[in-house]
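Below, each chain spelled out in residue letters.
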Amino acid sequence: MVQEYQSPVRVYKHPFELIMAAYVRRFPKCHLIPVFVDSEIISESPSEDGSTVVTERRCMVEVDAPRLLKRLAGVDYLYFIQKNTLNRRERTLHIEVRNETFSSRVIVHELCNYTVHPENEEWTCFEQTASLDIKSFFGFESTAEKIAMKQYASSIKKGKEIIEYYLRELEEEGVTHIPRWTVPVVPPTATARLQLPPLSPARAIPVHNAKDGLSNKDPASPTELLAGSPDDKLDADYIKRYLGDLTPLQESCLIRLRQWLQETHKGKIPKDQHVLRFLRARDFNLDKAREILCQSLTWRKQHKVDFLLDSWERPEMLQDYYTGGWHHHDRDGRPLYILRLGQMDTKGLVRALGEEAVLRQVLSINEEGLRRCEENTRVFGRPISCWTCLVDLESLNMRHLWRPGVKALLRIIEVVEANYPETLGRLLIVRAPRVFPVLWTLVSPFIDENTRKKFLIYAGNDYQGPGGLVDYIDREVIPDFLGGDCMCEVPEGGMVPKSLYRTAEELESGENRLWTDSIYKSASVFKGAPYELLIKITEASSVITWDFDVCKGDVIFNIYHSKRASQTPKKDTLGAHGITSPGAINVQLIDRSWVLGKDYSMVEKALSCREGESVQGSHVTRWPGFYILQWRFHSTPASSLPRVDDVLASLQVSSHKCKIMYYTEVLGSHDFRGSMTSLESSHSGFSQLSAATTSSSQSQASSTISR
């Protein structure tokens, strides 16, 4: 398995020339890296004007491995070839490293770049990528891989420290400024080597603030990044300030997952804090984190969760009987949510509103929690990615163990665990009664193990003494109903009047309306009967946007324009057999008598879409009229005459049926804020997205229809 590493952008607040002067001091050996034993220059090729110098070194590195493994490998040192290309004119240094030892068994490839900061020419940026592919290593492939990645991660952390060490050394010697390279009057000799340019009189190294050239990125702002924007790279200072202390390999996982989203999920991408939560939930296993993140993105799109806080009107009954609310913050600056579960009539709420309404209430709480974490990150000046929940179980009894209520609770836990991982920093449960172990036995198996470790449970009045609430919450914000002095605005709840209960039929109807009222719709596409959608445009330059997943089969997507509306469609039949076409349920908007290029025209190039793909795009209309979005069945043309079995198979409806889930919207040109690249259709390859909404057994790489 190939191990990959991608570093964040590390910024040195010093000019490129000074960084290069510090960089060359680490050769031929560096006492700050004990495993770096020695190096020698094997070739050096300057350009005619001296602006470019290509230097190749042979580096010797000590193997930090168990003695047994060294004896099996028969080496104590590893040799690498490092090729440096210094471009003084462009102010860049490109470094490429490959292994010389065990090159037939192990492939190591590293690329590093020093460049001028795009927003401040007095600063220098550093980026690094690397890959490790161990094909065979005496049966110790896994052990060798772990040792190599551990040693590499350790050297990465020292990289910036080494440059800063030699910068201080230069300053102590009076070297605080090195002029930029200029074309020399006399061409350099062929034996010119990499040397420091003439020194200027010593002066203090200027201290720059972010406002001097590096724009402050506020990751807590609601603005999400667009793929391909100038801000699509993460720098190390940003990560430390807003995301916390991460190891080099954890930083790499975050950057690679974020890049993957930018490349495949065209348009808006989740915030960095959100992506990081899914990585933490899967111990930074990139593949597992990517899978659950894709499923969550599908879920959010289907149920318009991103707009929940703005669009959902909280029922008045929840305002009166839902005994929970936000209340200041804990000692760590985390938002504090208080839930008086013992005072809540869970049965009454579920019977009166349905479990879906209660679920939406919980979702709105989680969305508000995310917003408060972002706000507290700005207020306290340190990363805050989760919140604390204080649950008061006074008055909890067997009434709360009502089976439908427990079922609703389990469903809520399942949804929250899947879509809001690593958002709960600590759960404080106070005044737990004797019935609590029964409830805990029912729900604990559905709670992630890492989440269960964050639970602190206090029985009776134990929360009032040492080790209680005061260890986690400032005394001045402890609620009054728990013996504190702070007034808490959380409702006291009470029993929901039975007159407000709804029948099972009403609840079922309400739930169906709640969950099926999605911005996405489903449609079937049959062979010979495409699915067509009519959009009327009254103003030119309007923007038609679409986003659809191909859940089953392969389709061809087209957009047509016509100045006139189509006639009422007629049902079709399959030849003289009188068999009703499966496509009869699809409205055919393009009349068969119409002539392409005369009665209607194609305004976008046909797009072939395979099963499991997610496609997004937009079209700026040139004329008013009627636009038709068409999804047509796509099959591979036969190379010979069909057999009898093929003809019989063609009569099977299931063999010629595709399924899509789509969303369309028309925007005025002044409301459309996408870039020009977002106006083009693009495949995202999100097979995981469709997996959440279809039972298709096809894999991402497959393009055939299962028969």
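This section reports on the structure supplied with the text. Treat the numbers as computed from the prediction; the structure is a model and nothing was measured.

Definitions and limits used
Residues numbered from 1 in each chain as written. Predicted model: local features only at pLDDT ≥ 70, side-chain atom pairs only at ≥ 80, totals over all residues. Heavy atoms only, no water. Pairing = 2+ DSSP bridges. Helix = DSSP H or I, 4+ residues; strand = E, 2+ residues; numbered from the N terminus. Axes fitted to C-alpha atoms, helices over the stretch in contact; angles between N-to-C directions. Contact = heavy atoms within 4.5 Å. Phe/Tyr/Trp six-rings, centres within 6.5 Å; stacked < 30°, edge-to-face > 60°. Buried < 20%, exposed > 50% of the residue type's maximum accessible area, 1.4 Å probe, protein only. Lys NZ or Arg CZ within 6 Å of the ring centre and 35° of its normal. Arc of directions from axis to C-beta. Polar contact = N/O pair within 3.5 Å; in protein donor to acceptor, adjacent residues only side chain to side chain. Parallel < 35°, antiparallel > 145°, perpendicular 65-115°, else oblique. Left-handed = near helix turned anticlockwise from the far one by under 90°. Nonpolar A, V, L, I, M, F, W, Y, C, P; charged D, E, K, R; others polar. Core = buried A, V, L, I, M, F, W, Y, C linked by side-chain atoms within 4.5 Å. Salt bridge = Lys/Arg side-chain N within 4 Å of Asp/Glu carboxyl O.

A closer look at the sheet that holds strand E12 (residues 424–432)
Backbone-to-backbone hydrogen bonds pair the strands of a sheet. The strands run either parallel or antiparallel. Read from one edge to the other, the open sheet built from five strands follows the order E9-E10-E11-E12-E13, with strand pairing classed as mixed. Only two strands of the sheet have a single neighbouring strand rather than two, namely strand E9 (324–329) and strand E13 (455–459). Pairwise comparison of adjacent strand axes, ignoring direction, gives a mean angle of 20° for this sheet. Pairing of strand E10 (residues 335–339) with strand E11 (residues 387–392) involves four bridges; the strand directions are parallel. Counted as the bridge partner of isoleucine 338 is leucine 390 from E11. This element, helix H11 (residues 355–380), spans E9, E10 and E11 of the sheet and lies at about 10° to E9.

Comments concerning the packing of aromatic side chains
This model, assessed by the stated rule, comprises 20 aromatic pairs. When the centroid spacing of 6.0 Å and the interplanar angle of 45° are considered together, the rings of tyrosine 531 and tryptophan 631 count as tilted. One end of the pair, tyrosine 531, is in strand E15 (residues 531–537); the other, tryptophan 631, is in strand E23 (residues 625–633), with 100 residues separating them in the sequence. Like tyrosine 531, the residue tryptophan 631 is buried in the burial classification. Ring pairing ties together the aromatic residues Tyr531, Trp546, Phe548, Phe557, Trp631 and Tyr662, which thus form one cluster. The ring of tyrosine 242 is capped by arginine 241, whose NZ or CZ atom sits 4.3 Å from the centre of that ring.

A few points about helix H4 (residues 236–243)
Among the residues making up H4, those that are buried are Ala236, Tyr238, Ile239, Tyr242 and Leu243. End-on view of H4: buried residues confined to an arc of 160°, all on one side of the axis. On its buried face, H4 is in contact with strand E2 (10–12), helix H5 (248–264), helix H6 (272–281) and H11. Capping of H4 at its N-terminal end is provided by aspartate 235; its side-chain oxygen lies 3.1 Å from the backbone amide nitrogen of aspartate 237.

Quick look at the packing of H5 against helix H7 (residues 286–302)
At a minimum axis separation of 11 Å, H5 and H7 run at an interaxial angle of 40°. By the angle between their axes, H5 is oblique relative to H7. By crossing handedness, the relation of H5 to H7 is classed as right-handed. Contacts from Cys253, Arg256, Leu257, Trp260 and Leu261 in H5 reach Leu286, Ala289, Arg290, Leu293, Cys294 and Leu297 in H7. Grouping the constituent residues of the contact of H5 with H7 by class yields nine nonpolar, no polar and two charged.

A few points about the nonpolar core
Soluble globular proteins tend to bury their nonpolar side chains together. By size, the foremost hydrophobic cluster in this structure holds 49 residues, and its most contacted members are Tyr322, Leu349 and Ile429. Of all the elements in the fold, those that place two or more residues in this core are helix H9 (316–321), E10, helix H10 (346–353), H11, E11, helix H12 (403–419), E12 and helix H13 (436–443). Counting residues per element, this core draws most heavily on H11, at eight residues. Residues contacting tyrosine 322, with those up to four places away along its chain left out, are Arg314, Met317, Tyr337, Leu339, Met344, Leu349, Gln361, Val362, Ile365 and Pro491. In this structure, Ala21, Phe36, Cys59 and Tyr114 belong to the second largest nonpolar core, which totals 29 residues.

A word on the pattern of salt bridges
By the definition in use, this model includes 26 salt bridges. Note that arginine 25 is salt-bridged to glutamate 169, the shortest N-O span being 2.8 Å. One end of the pair, arginine 25, is in the loop between helix H1 (16–23) and strand E3 (36–46); the other, glutamate 169, is in helix H3 (residues 141–172), and 144 residues separate them in sequence. Given the relative accessible area of 23%, arginine 25 is considered partly exposed. What emerges from the salt-bridge pattern is a single network uniting Glu368, Arg371, Arg372 and Glu375.

Some remarks on the pairing of E3
Pairing between E3 and strand E4 (residues 52–62): nine bridges, direction antiparallel. Across the sheet, residue serine 43 finds its bridge partner in E4, namely glutamate 56. Counted between consecutive antiparallel strands, the loop separating E3 from E4 contains five residues, among which glycine 50 sits at a positive phi close to 80°.

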